[in-house]
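Summary of the model geometry
Spelled out from the first residue to the last, the chains are:
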Amino acid sequence: QVHLVESGGGLVQTGGSLRLSCAASGRSFNSLGWFRQAPGKEREFVAAMNMNTGTARYADSARGRFTISGDNAKNTVYLQMNSLSPGDTAVYYCASRRTVTSPYDSDYDYWGQGTQVTVSS
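Residues numbered from 1 in each chain as written. Predicted model: local features only at pLDDT ≥ 70, side-chain atom pairs only at ≥ 80, totals over all residues. Heavy atoms only, no water.

**Details of the state of the cysteines**
All chains considered together, the criterion is met by one disulfide. Paired through a disulfide, Cys22 and Cys94 show a sulfur-sulfur distance of 2.0 Å. Its S-S torsion of approximately -80° makes the covalent link between Cys22 and Cys94 left-handed. On the criterion of sequence distance, the pair formed by Cys22 in strand E3 (residues 18–25) and Cys94 in strand E9 (residues 90–97) is long-range, its members being 72 residues apart. Like Cys94, Cys22 is buried. (Disulfide = S-S within 2.5 Å. Helix = DSSP H or I, 4+ residues; strand = E, 2+ residues; numbered from the N terminus. Buried < 20%, exposed > 50% of the residue type's maximum accessible area, 1.4 Å probe, protein only.)

Dropping the structure here:
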């Protein structure tokens, strides 16, 4: 069992930054990932990190603007989001997986409740 708690969401203006955190309990995972879901849209992959190797994977929409990082001592993964635009508005979810990173939400085992990110124009 893995329990995931996201934090750090909020309201920010276009061009601003936010840092999301995901604290994981338990250790039945190797990878932690971030997904997001905007109203009326399907959930989409943002970024993921293999916590053992430090290897990161990004969606094209995130690459160059978002940075994922991890702290194994705290079982926490972070998502630093810069140059935010209204298109980034969504609920951001953290998810865990027992093996390597994947861009497919069906590959992840446990999910957090999500944190709302709203970017105003």
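**Some thoughts on the packing of aromatic side chains**
Scanning the entire structure with this criterion turns up four aromatic pairs. Seen in terms of ring centroids, Phe35 and Tyr108 are 5.2 Å apart; in terms of plane orientation they differ by 80°. Their pairing is edge-to-face. Of the two residues, Phe35 is situated in strand E4 (residues 31–37) and Tyr108 in the loop between E9 and strand E10 (110–111); the sequence distance between them amounts to 73 residues. For Phe35, a relative accessible area of 1% puts it in the buried group. Residue Tyr108 is classed as buried on the basis of its relative accessible area of 6%. Note that Arg43 overlies the ring of Tyr93, its terminal NZ or CZ placed 5.9 Å from the centroid. Taking NZ or CZ as reference, Arg43 lies 3.8 Å from the ring centre of Trp111, over its face. (Phe/Tyr/Trp six-rings, centres within 6.5 Å; stacked < 30°, edge-to-face > 60°. Lys NZ or Arg CZ within 6 Å of the ring centre and 35° of its normal.)

**What to know about the pattern of salt bridges**
Evaluated as defined, the whole model comprises five salt bridges. Among the salt bridges present, the one from Arg36 reaches Glu44, with a minimum N-O distance of 2.5 Å. For Glu44, a relative accessible area of 34% puts it in the partly exposed group. For Asp88, the salt bridge is made with Arg65, and the minimal N-O distance between the two is 2.8 Å. Of this pair, Asp88 sits in the loop between strand E8 (76–81) and E9 while Arg65 is found in the loop between strand E6 (56–58) and strand E7 (66–71), placing the two residues 23 residues apart along the sequence. Judged by relative accessible area, which is 2%, Asp88 ranks as buried. On the basis of relative accessible area, Arg65 is assigned to the partly exposed category, the value being 21%. One salt-bridge network, in which partners are shared between bridges, spans Arg36, Glu44, Arg65 and Asp88. (Salt bridge = Lys/Arg side-chain N within 4 Å of Asp/Glu carboxyl O.)

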